[in-house]
Amino acid sequence: MIEADEVDANDKVFMAVVNSFSRGSKTGIVFSHDFDRGFRIEYVAKGRLPREDDFSWSQYSGGPLKLYGRFVRFFDGNIKKFLVFTVERVTEQAEVDEYFNNQREIRIP
């Protein structure tokens with residue numbers, strides 16, 4: 001039996017803070033209070049990242065990002081990584097406070 005990765009059919013949107021990120025490979029690790037766990041990410045946009053990209057901003061400032069994309073799963077259903085299609089900084093203080101204070105939990109199906 002060949003073990004293959006599978007990309008989820010539906011897009012997900014959640015918030016996370018970057019723990020580490022490589023600008024060259026556009027890969028890193030984030031922690032999300034939404035899922036109460038960390039996992040790998042891969043930014044799939046073409047081209048080079050701008051000098052002050054959102055991932056580096058989050059890693060330096062500890063501010064959350066809103067990530068849009070799809071999970072990639074191992075053959076057994078566990079998360080391998082999250083493919084990030086688009087990303088945006090969360091700068092509205094009320095939204096940041098809600099994210100860090102409420103720590104709502106979304107279960108990954």
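Above this note sits the structure.
Residues numbered from 1 in each chain as written. Predicted model: local features only at pLDDT ≥ 70, side-chain atom pairs only at ≥ 80, totals over all residues. Heavy atoms only, no water.

Draft legend 1. Highlighting the side chain of Ser32. Considering the arrangement of structural elements, one finds Ser32 in strand S3 (residues 27-32). One polar contact links the side chain of Ser32 to the main-chain carbonyl oxygen of Met15, over a distance of 2.7 Å. In contact with Ser32, not counting residues within four places along its chain, are Phe14, Met15, Ala16, Arg37 and Tyr99. (Helix = DSSP H or I, 4+ residues; strand = E, 2+ residues; numbered from the N terminus. Polar contact = N/O pair within 3.5 Å; in protein donor to acceptor, adjacent residues only side chain to side chain. Contact = heavy atoms within 4.5 Å.)

Draft legend 2. Inspection of the pairing of strand S2 (residues 12-22) at higher detail. Across five bridges, the pairing between S2 and strand S5 (residues 65-73) is antiparallel. Bridge pairing in S5 places Lys12 opposite Gly69. Alignment of S2 against S3, held across five bridges, turns out to be antiparallel. Across the sheet, residue Ser22 finds its bridge partner in S3, namely Thr27. If you look at the hairpin formed by S2 and S3, you'll find four residues sitting between the two strands, and Lys26 has a positive phi there, around 60°. (Pairing = 2+ DSSP bridges.)

Draft legend 3. Summary view of the nonpolar core. Membership of the largest hydrophobic core comes to 18 residues, with the highest contact counts inside it found for Phe14, Phe39, Phe55, Leu67, Phe82 and Val84. Of all the secondary structure elements, the ones that give two or more residues to this core are S2, strand S4 (37-43), S5 and strand S6 (79-89). Setting aside residues no more than four positions away along its own chain, Val84 makes contact with Ile41, Glu42, Tyr43, Val44, Phe55, Leu67 and Tyr68. In terms of nonpolar packing, the next biggest core, distinct from the first, is built from five residues, Met15, Val17, Val90 and Tyr99 among them. (Core = buried A, V, L, I, M, F, W, Y, C linked by side-chain atoms within 4.5 Å. Buried < 20%, exposed > 50% of the residue type's maximum accessible area, 1.4 Å probe, protein only.)

Draft legend 4. Region of the structure containing the pattern of salt bridges. Counting across every chain of the model gives seven salt bridges. The shortest N-O distance in the salt bridge between Lys80 and Asp5 comes to 2.6 Å. On the criterion of sequence distance, the pair formed by Lys80 in strand S6 and Asp5 in the segment before strand S1 (6-7) is long-range, its members being 75 residues apart. The class for Asp5 is partly exposed, based on a relative accessible area of 41%. (Salt bridge = Lys/Arg side-chain N within 4 Å of Asp/Glu carboxyl O.)

Draft legend 5. Here's a closer look at the environment of Lys66. Here Lys66 is to be found in strand S5. Looking at Lys66, the relative accessible area reads 18%, which means it is buried. A C-alpha to C-alpha distance of 5.7 Å links Lys66 and Val87, two positions 21 residues apart in sequence. Leaving out residues up to four positions away in the same chain, Lys66 has contacts with Val13, Phe14, Met15, Thr86, Val87, Glu88, Val90 and Glu95. At a separation of 2.9 Å, a polar atom in the side chain of Lys66 contacts the side chain of Glu95.

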